[in-house]
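Here is how the chains run, residue by residue.
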Amino acid sequence: MAAAFVLRNLYRARPALRCPPSELPWAPRRGHRLTPADDELYQRTRISLLQRESPLAMYIDSYSSRGFVVNGNRVFGPCALLPQSVVQWNVGSYQDITEESFSLFWMLEPRIEIVVVGTGDRTERLQPHVLRAMRQRGIAVEVQDTPNACATFNFLCHEGRVTGAALIPPPGGTALTSQAQSAE
């Protein structure tokens with residue numbers, strides 16, 4: 001303690017002994033090294049591809065008020081997307097969605113983890129007993145408007161999740177077209 005007191009007083013008493021922090025060998029330096037160091041010049045970078053994208057994955061390319069384009073194939077009206085196939089879905093609006101209309105999702109093997117439901121241009125509430133029936137069978141249900149449901153489905157498929165979608169086309173002028181379609 002006494003030594004610290006003596007050094008502090010010595011430092012204050014002799015300003016000529018002080019040097020700026022930039023001249024101290026231990027002072028932090030600002031700035032970034034823009035060139036690689038010698039050891040970095042001789043190292044090689046290796047990339048190992050762990051998994052290729054599945055050619056069988058389902059992706060929604062675009063949608064309109066008339067239907068959807070899934071993996072380049074046009075589907076008119078409401079549709080159900082399963083991990084390896086697309087089927088017409090016999091509903092007219094979100095009010096027609098029943099436990100029976102969801103039955104195709106729980107009959108599949110491997111089991112679907114989550115079903116993304118697109119209810120048109122607005123997010124609508126489904127009947128509680130329908131959601132309860134899906135939950136009892138171990139299938140999560142995500143209800144969104146159709147544009148967001150399409151994006152969510154594509155994202156989940158890209159993650160490799162076993163996903164299904166039940167989509168009702170949005171009415172009116174809501175549409176998303178892919179670059180390939182706009183070129184045609």
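Look above for the structure.
Bear in mind that the values here come from a model prediction, so they are computed numbers and not experimental data.

(A) A look at helix α4 (residues 128–136). Listing the buried residues of α4 in full gives Val130, Ala133 and Met134. Projected down its long axis, α4 carries its buried residues within an arc of 95°, all on one side. Projecting away from the buried face of α4 at angles above 90 degrees are the exposed residues Pro128, Arg135 and Gln136. As for α4, its buried residues are in contact with α3 (103–106), β6 (114–119) and β7 (140–144). In the stretch just after α4, Gly138 is the one whose phi turns positive, near 85°.

(B) Expanded view of the pairing of strand β8 (residues 163–168). A large share of β8 lies buried, amounting to six of its six residues. Side-chain alternation along β8 places Thr163, Ala165 and Leu167 on one buried face and Gly164, Ala166 and Ile168 on a second face that is also buried. Sheet analysis places strand β4 (residues 79–82) next to β8, joined by three bridges and oriented antiparallel. The residue of β8 that forms the bridge with Ala80 is Ala166. Taken together, the six bridges between β6 and β8 define a ladder with parallel strand orientation. Looking at the pairing, Ile114 lines up with Thr163 of β8.

(C) Fine view of the sheet that holds strand β3 (residues 73–76). Across the sheet, three strands lie side by side as β1-β2-β3; this open sheet has antiparallel pairing. The two strands at the open ends of the sheet, each matched to only one other strand, are β1 (60–63) and β3. On average, each strand axis in the sheet is tilted by 25° relative to the strand beside it, whichever way the strands run. In this sheet, strand β2 (residues 67–70) lies alongside β1 in antiparallel orientation, the contact comprising three bridges.

(D) Structural context of the sheet that holds strand β5 (residues 85–88). Pairing in this open sheet of five strands is mixed, and the strands run β5-β4-β8-β6-β7 from one edge to the other. Strand pairing shows two members of the sheet lacking a second neighbour, β5 and β7, which therefore form its edges. For this sheet, the mean inter-axis angle between neighbouring strands, taken without regard to orientation, is 15°. On top of the sheet, helix α5 (residues 146–158) reaches β4, β6, β7 and β8; it is set at about 160° to β6, its chief contact.

Procedures and definitions
- Residues numbered from 1 in each chain as written.
- Predicted model: local features only at pLDDT ≥ 70, side-chain atom pairs only at ≥ 80, totals over all residues.
- Heavy atoms only, no water.
- Buried < 20%, exposed > 50% of the residue type's maximum accessible area, 1.4 Å probe, protein only.
- Helix = DSSP H or I, 4+ residues; strand = E, 2+ residues; numbered from the N terminus.
- Arc of directions from axis to C-beta.
- Contact = heavy atoms within 4.5 Å.
- Pairing = 2+ DSSP bridges.
- Axes fitted to C-alpha atoms, helices over the stretch in contact; angles between N-to-C directions.

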